Amino acid sequence: MKKFAIGLLALMLVLASSAFATIRYVSTTGAGNHTTPNDAWTAAVTGDTILIGPGTYSVGSDLNRVNIRLTVIGSGWDQTIINMGTSVSWFVNGTGANRTSIEGLRINVTTTNPLIGAGNVDSTTIRRCLISNPTSNQW
């Protein structure tokens, strides 16, 4: 009985720690919580998941939140397209951002000024993404 009680307590702690995570859905049609990745990124807190639906999105301002661990999932590099604006940075930064995951996006870099990268983090995962026209200062 004691082992069962300890196991139940451990399960409750795990569930309670993930209870504050939010799924933020970005949609060009307005069907989600947000219409731009910028809005979702700004509203997100550690542990949140940002789902970006099919469509083309323009990132006109920096997406740089320090010590925020997020999971960003697009619909696939051929369906979710992010156009980076001039002199815009998308940066995962700080030890609190460890284990950030980004996947399923096509990120179009149209100039050499945007900065896409990670600093002072461990185990950042980028998969199933296509970054077009990357320069030496990215990822």
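Residues numbered from 1 in each chain as written. Predicted model: local features only at pLDDT ≥ 70, side-chain atom pairs only at ≥ 80, totals over all residues. Heavy atoms only, no water.

Undergrad: When you look at the nonpolar core in this model, what are you seeing that I'm missing?
TA: Generally speaking, nonpolar side chains in soluble globular proteins are found buried as a group. Ile50, Ile52, Val72, Ile82, Met84, Trp90 and Leu105 are the most contacted members of the largest nonpolar core, which totals 22 residues. Elements with a minimum of two residues in this core: α2 (37-43), β2 (49-52), β3 (55-59), β6 (80-84), β7 (89-93) and β9 (106-109). (Core = buried A, V, L, I, M, F, W, Y, C linked by side-chain atoms within 4.5 Å. Buried < 20%, exposed > 50% of the residue type's maximum accessible area, 1.4 Å probe, protein only. Helix = DSSP H or I, 4+ residues; strand = E, 2+ residues; numbered from the N terminus.)

Undergrad: Is there a simple way to think about the sheet that holds β9 in this case?
TA: Taken in spatial order, the four strands make up an open sheet running β3-β6-β9-β12, and their pairing is parallel. Both edges of this open sheet fall to β3 and β12 (130-132), since each of them pairs with a single strand only. Direction aside, the axes of adjacent strands within the sheet are offset by 20° on average. Inspection of the sheet shows β6 paired to β9 by four bridges, in the parallel sense. Bridge pairing links Met84 to Val109 in β9. (Pairing = 2+ DSSP bridges. Axes fitted to C-alpha atoms, helices over the stretch in contact; angles between N-to-C directions.)

Undergrad: Explain the pattern of salt bridges to me, please; I cannot follow it from the model alone.
TA: It is possible for side chains of opposite charge to pair when their charged atoms get near one another. If you walk through the whole model with that rule in mind, you get three salt bridges. Between Arg128 and Glu103 there is a salt bridge, and its shortest N-O distance comes to 3.3 Å. Here Arg128 is found in the loop between β11 (125-127) and β12, whereas its partner Glu103 is found in strand β8 (residues 101-103), with 25 residues between them in sequence. Residue classification places Arg128 among the partly exposed positions, given a relative accessible area of 48%. (Salt bridge = Lys/Arg side-chain N within 4 Å of Asp/Glu carboxyl O.)

Undergrad: How should the side chain of His34 be read in this particular structure?
TA: Looking at the element boundaries, His34 is found in the loop between β1 (23-26) and α2. By relative accessible area, His34 is classed as buried at 13%.

Undergrad: I tried to follow the side chain of Ser101 on my own but got confused; where do I start?
TA: The topology assignment puts Ser101 in strand β8. With a relative accessible area of 9%, Ser101 lands in the buried category. Not counting the four nearest positions on each side in its chain, Ser101 is found in contact with Leu70, Thr71, Val72, Thr125 and Arg127. (Contact = heavy atoms within 4.5 Å.)

Undergrad: Got a minute to help me understand unusual backbone geometry in this structure?
TA: Peptide bonds are mostly trans, and most non-glycine residues show a negative phi. Positive phi outside glycine occurs at Asn67, with the angle close to 60°. Mapped onto the elements of the fold, Asn67 is located in the loop between β4 (63-66) and β5 (71-74). Judged by its relative accessible area of 37%, Asn67 is partly exposed.

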